[in-house]
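Coordinate inspection notes
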Amino acid sequence: CSTHRMTLSQMVMLKDNHVWSVGSIPDAVKKARRAAGFSSKIEVECRDLDEAIQAATAGAEVVMLDNYEPEDLKVDAAKLKEQFPHVLIEASGGITETTAPGYFS
C-alpha cells in the first residue's frame with residue numbers, strides 16, 4: 001500500500017455532496033477537469049458499480065469504492081479493472097483492523 005496523494009491540494013476528490021450539487025458524476029468530473037486542468041488527477045467516491053463505470057467513463061483516474069463488503073468489492077473491482085485497466089481503484093469505508101483481512105485475496 002502507498003498513498004496516492006500527500007495533501008488535499010494534489011488531487012481533486014469528488015464526494016457524494018459534490019456530485020449532488022452538480023447533478024451527475026459525468027458533469028462533476030467535467031467541471032472538476034475544467035477547474036483543475038489536465039495535469040490533476042480526479043478521484044470519485046462511488047457507492048456501486050454503475051457509479052464507478054460512470055466515473056471511469058467520464059475520465060476519473062481514481063475510483064473509490066466506498067462502504068463495500070469485501071466479497072462485493074472484489075467482484076466489482078475486477079469488473080471495473082477489466083473494462084478500465086488504467087483506472088486506479090481505492091477501497092474506503094468500513095475497513096478496520098478487524099475487517100481488513102477480508103479485503104485481501
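Here the structure is a predicted model, which means the values were calculated and not measured.

**Description of the overall build of the protein chain**
For the protein chain, the helix and strand inventory stands at four helices and four strands. Counted from the first residue to the last, the protein chain has its helices and strands arranged as β-α-α-β-α-β-α-β. The C-alpha atoms of the protein chain give 14 Å as radius of gyration, which agrees with the globular expectation for 105 residues (13 Å, within 12%). Counting only C-alpha atoms, the protein chain reaches 40 × 30 × 25 Å along its principal axes. Classification of the 105 residues of the protein chain by burial places 32% in the buried group. When the accessible surface of the protein chain is split by element, carbon and sulfur atoms take 55% of a total near 6600 Å². Treating the 11 positive side-chain charges of the protein chain as one cloud and the 16 negative ones as another, the clouds have centres 9 Å apart.

**Focus: the side chain of Asp66**
For Asp66, the position within the fold is in strand S3 (residues 62-66). In this structure the side chain of Asp66 is engaged in a polar contact, spanning 3.2 Å, whose partner is the side chain of Asn67. Not counting chain neighbours up to four residues away, the residues in contact with Asp66 comprise Glu45, Cys46, Arg47, Ser92 and Gly93.

**A closer look at the pattern of salt bridges**
Here the structure, examined in full by the defined rule, presents four salt bridges. Across the pair Lys15 and Glu45 runs a salt bridge whose closest N-O atoms are separated by 2.7 Å. Placement of the pair is Lys15 in the loop between strand S1 (11-14) and helix H1 (16-22) and Glu45 in strand S2 (residues 41-46), with a sequence separation of 30 residues. Here Lys15 falls in the partly exposed class, since its relative accessible area comes to 31%. The class for Glu45 is buried, based on a relative accessible area of 9%. Lys74 is paired through a salt bridge with Glu71; the nearest N and O atoms lie 3.3 Å apart. Of the two residues, Lys74 and Glu71 both sit in helix H4 (residues 70-83), three residues apart, roughly one turn of that helix.

**Describing the nonpolar core**
If you look at the biggest cluster of nonpolar residues, it comprises 24 residues, and the most contacted ones within it are Leu14, Ile42, Val44, Ala55, Val63, Leu65 and Leu80. Elements with a minimum of two residues in this core: S1, helix H2 (25-36), S2, helix H3 (49-58), S3 and H4.

**Some thoughts on H3**
Within H3, burial applies to Leu49, Glu51, Ala52, Ala55 and Ala56. For H3, the arc enclosing every buried residue in end-on projection is 160 degrees, short of the 170-degree limit, so these residues lie on one face. The exposed residues of H3 that point more than 90 degrees off its buried face are Asp50 and Thr57. Tucked into the core, H3 has its buried residues touching H2, S2, S3 and H4. The N-capping residue of H3, defined by a side-chain oxygen 3.2 Å from the backbone nitrogen of Asp50, is Asp48.

Rules and cut-offs
The written sequence of each chain sets the order in which its residues are numbered from 1. Reporting in this predicted model follows two pLDDT cut-offs: at least 70 for local features of residues, and 80 or more for side-chain atom pairs to be given and counted; totals over whole chains, interfaces and linings ignore these cut-offs and use all residues. To get the side-chain values, take all heavy atoms of the structure and skip hydrogens and water. A helix here means a DSSP run of H or I that spans at least four residues, while a strand means a run of E at least two residues long, and both kinds are numbered starting from the N terminus. Put simply, the radius of gyration uses C-alpha atoms, and a globule should come to 2.2 Å times the residue count raised to 0.38. Any residue under 20% of the maximum accessible area for its type is buried, any over 50% is exposed, and the rest in between are partly exposed; the area is computed with a 1.4 Å probe on protein chains only. Accessible surface is estimated by sampling points in the Shrake-Rupley manner with a 1.4 Å probe; for residues, cover comes only from the protein chains shown. Under the convention used here, Asp and Glu are negative, Lys and Arg are positive, and both His and the chain ends fall outside the count. For this purpose, a charge sits on NZ of Lys, CZ of Arg, CG of Asp or CD of Glu. Polar contact criterion, stated in full: a pair of N or O atoms within 3.5 Å, where within protein one must be able to donate a hydrogen and the other to accept it, and residues adjacent in sequence count only if both atoms are side-chain atoms. Contacts between residues were defined by any pair of non-hydrogen atoms, one from each residue, lying within 4.5 Å. Here, a salt bridge means any side-chain nitrogen of Lys or Arg that lies within 4 Å of a carboxyl oxygen of Asp or Glu. Throughout, nonpolar core names a set of buried Ala, Val, Leu, Ile, Met, Phe, Trp, Tyr and Cys residues whose side chains join them through atoms within 4.5 Å. The arc under discussion is defined with respect to the helix axis, by the directions toward the C-beta atoms.

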